[in-house]
Amino acid sequence: MKKATIILIVLLSLIKVTNAQDSKISGSWLVTKIVVGDKVDEPLFVIDYRADGSIITQGIDVGSWSHNQKEEKLVMSSDMDKDFGGDCKIMNLNQKELNFEKGDQKWFLSRLNMSEIGRNNLESGLIGSWEFADDANDERTRVLIFEAPDSFSFIEKEPGMESRTGGMWIFNPKEQSLLLIGRIDQVGGKNKIFKLSDKEFVLENAGVETVLLKSEANSQNIERLTFTEADFFDENGDYKYDGEENKLPWKDPFEMLMSLVNTSQLEYNFSTLVEGTKVFETKKLTADVKTDKEEQSVSIDFIFYGYDRYNLPDETELPPNVLDFNYYNRLYPLKENSFRVAGQEKLTTPSGTFDCTVIESVGTSEEKYKLWMINDKPGVYAKIIEDKEGMFGHYYMYELNKIIEAK
């Protein structure tokens, strides 16, 4: 009995020692360098050697590991990636560093203190959306989004193309540096922070300086439309707002004609929200206005697809003008949408302050609209929001920038 007890104590001691040794390896490590002969690579990616024996990198379980303490080897096995398979001779192992030889490669890893990283990141002042300042006069928009505790997203959008990548970020307050681990051009890897405020920060990476601006400091207000099509019908399926047309401020077609007779153009700021951010892409759209008192006709270019006759895509024609005075189209530019009057509002735009009737409407393809009809300017909207949720959703905003008088 006494002998069995002694054996059990020895076994428990060995297990305790093994666990203590393995605890030197288990955890998150940053691969800082891989040397092959005279070639030095700095890949900068994270490997998690989990306590359960799994190997995780970039969120993927790529294999398993164990520690052969007797031979001082890190034994890895992977059917997915040969880089995570094979016996590795440990050259150095402590609480901060892990260096091993794997074939003709020498790997250098630094331990990551995830709780300290999360704390430093949270206190950095970087959390939020940042837009690359040098994109201001370009057709592309690039946005960095920092989230707690340590993940970032990089969004790049150009006409007809949008890409999203992500990774891990580490702010070092002592060095005033920012490490971005992931596929990202220009600022990927280690960056020196030259300036950091609540509106701007400046990075230097491989001799190139990059300025980023806090998106929230420059973004427009985002009002997501929360009403649904069901809100327009009662429990019996009957439309609840049959009398709303009588509340609209534009009733007289001749009044609309006379209101626009001296107007040659309406200029709008058209803004598209880059989904997942608070950043807008904005351009100007110009609608030509043509009136004929003798013919009693009004023509306003339909710009509410996001383009005008002055920046048409190749081989694209301007949509037919839909402004007419029949009963079914009092709510130009909408057609057969269900709508209701939400109230009255004084709204300020770059073109001035206007008393408006506010309309809420739902379209036939799940779009939702909010429109500000200028009460004393029939045919002119101060603002329109178009909001559509889902995978192929969007958020558009048209805001009156200028009313251009005929010369």
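Preceding block: the structure.
What you see is a predicted model, and the numbers here were worked out from it, not measured in a lab. (Residues numbered from 1 in each chain as written. Predicted model: local features only at pLDDT ≥ 70, side-chain atom pairs only at ≥ 80, totals over all residues. Heavy atoms only, no water.)

A. Representation of the layout of surface pockets. Here the second largest pocket is characterised by a volume of approximately 730 Å³. Counting only elements with at least two residues in the lining of the second largest pocket, the list comes to β9 (105–111), α2 (114–122), β13 (161–172) and β14 (177–182). Considering only residue class, the lining of the second largest pocket consists of 8 nonpolar, 6 polar and 7 charged. (1 Å grid on protein atoms, 1.4 Å probe; cavity = no way out; pocket = protein on both sides within 12 Å on 5 of 7 lines; lining within 4 Å. Points joined across faces, edges and corners; volume = space filled by probe spheres on them. Helix = DSSP H or I, 4+ residues; strand = E, 2+ residues; numbered from the N terminus. Nonpolar A, V, L, I, M, F, W, Y, C, P; charged D, E, K, R; others polar.)

B. Seen up close, α2. Listed in full, the buried residues belonging to α2 are Ile117, Gly118, Asn120 and Asn121. With its buried residues spanning 165 degrees around the axis, α2 presents them on a single face. Exposed side of α2, more than 90 degrees from the buried face: Ser115 and Leu122 are the residues found there. Those residues of α2 that are buried are in contact with β13. (Buried < 20%, exposed > 50% of the residue type's maximum accessible area, 1.4 Å probe, protein only. Arc of directions from axis to C-beta. Contact = heavy atoms within 4.5 Å.)

C. How the structure looks around the sheet that holds strand β25 (residues 394–405). A sheet is described by the order of its strands in space; here 8 strands give the open sequence β20-β19-β18-β25-β24-β23-β22-β21, paired in antiparallel fashion. Each having just a single partner strand, β20 (297–300) and β21 (338–349) make up the two edges of the open sheet. Strand-to-strand twist across the sheet, computed as the mean angle between neighbouring axes with direction ignored, equals 20 degrees. Looking at chain direction, strand β24 (residues 381–388) and β25 are connected through 6 bridges and run antiparallel. Its bridge partner being in β25, lysine 388 is matched across the sheet by histidine 394. (Pairing = 2+ DSSP bridges. Axes fitted to C-alpha atoms, helices over the stretch in contact; angles between N-to-C directions.)

D. Helix α4 (residues 253–260), seen in detail. Taken residue by residue, α4 has Met256, Leu257 and Leu260 as its buried positions. Along α4, the residues classed as buried sweep out an arc of 100 degrees about the axis, all on the same side. The inward-facing, buried residues of α4 contact β18 (263–273), β19 (280–292) and β20.

E. Focus on the packing of aromatic side chains. What the rule picks out here adds up to 20 aromatic pairs. Look at phenylalanine 100 and tryptophan 107: their rings are 5.5 Å apart centre to centre, the planes differ by 20 degrees, and that puts the pair in the stacked class. Each member of the pair, phenylalanine 100 as well as tryptophan 107, carries the same accessibility label: buried. Ring geometry for phenylalanine 302 and phenylalanine 304: centres 5.8 Å apart, planes at 85 degrees, overall edge-to-face. Side by side, phenylalanine 302 and phenylalanine 304 carry an identical accessibility label, which is buried. Site record: aromatic cluster; members linked through ring pairs are Tyr268, Phe270, Phe302, Phe304, Tyr305, Tyr396 and Tyr398. Lying across the ring of phenylalanine 132, arginine 142 places its NZ or CZ 4.2 Å from the centre. For the cation-ring pair, arginine 340 lies above phenylalanine 232, with the distance from its terminal atom to the ring centre recorded as 4.8 Å. (Phe/Tyr/Trp six-rings, centres within 6.5 Å; stacked < 30°, edge-to-face > 60°. Lys NZ or Arg CZ within 6 Å of the ring centre and 35° of its normal.)

F. Summary view of the pattern of salt bridges. On inspection of all chains with the given rule, the structure shows 13 salt bridges. Across the pair arginine 142 and aspartate 134 runs a salt bridge, and its minimum N-O distance is 2.9 Å. Exposure remark for arginine 142: the relative accessible area of 4% places this residue in the buried category. The exposure class assigned to aspartate 134 is partly exposed, which follows from its relative accessible area of 47%. Salt-bridge contacts for glutamate 175 lead to lysine 190; the nearest nitrogen and oxygen are separated by 3.1 Å. With glutamate 175 in the loop between β13 and β14 and lysine 190 in strand β15 (residues 189–196), the pair connects residues that are 15 residues apart, well separated along the chain. You can call glutamate 175 partly exposed: its relative accessible area is 38%. Among the residues examined, lysine 190 registers a relative accessible area of 52% and is labelled exposed. Within this structure, Asp288, Asp301 and Arg309 form a network of salt bridges that share partners. (Salt bridge = Lys/Arg side-chain N within 4 Å of Asp/Glu carboxyl O.)

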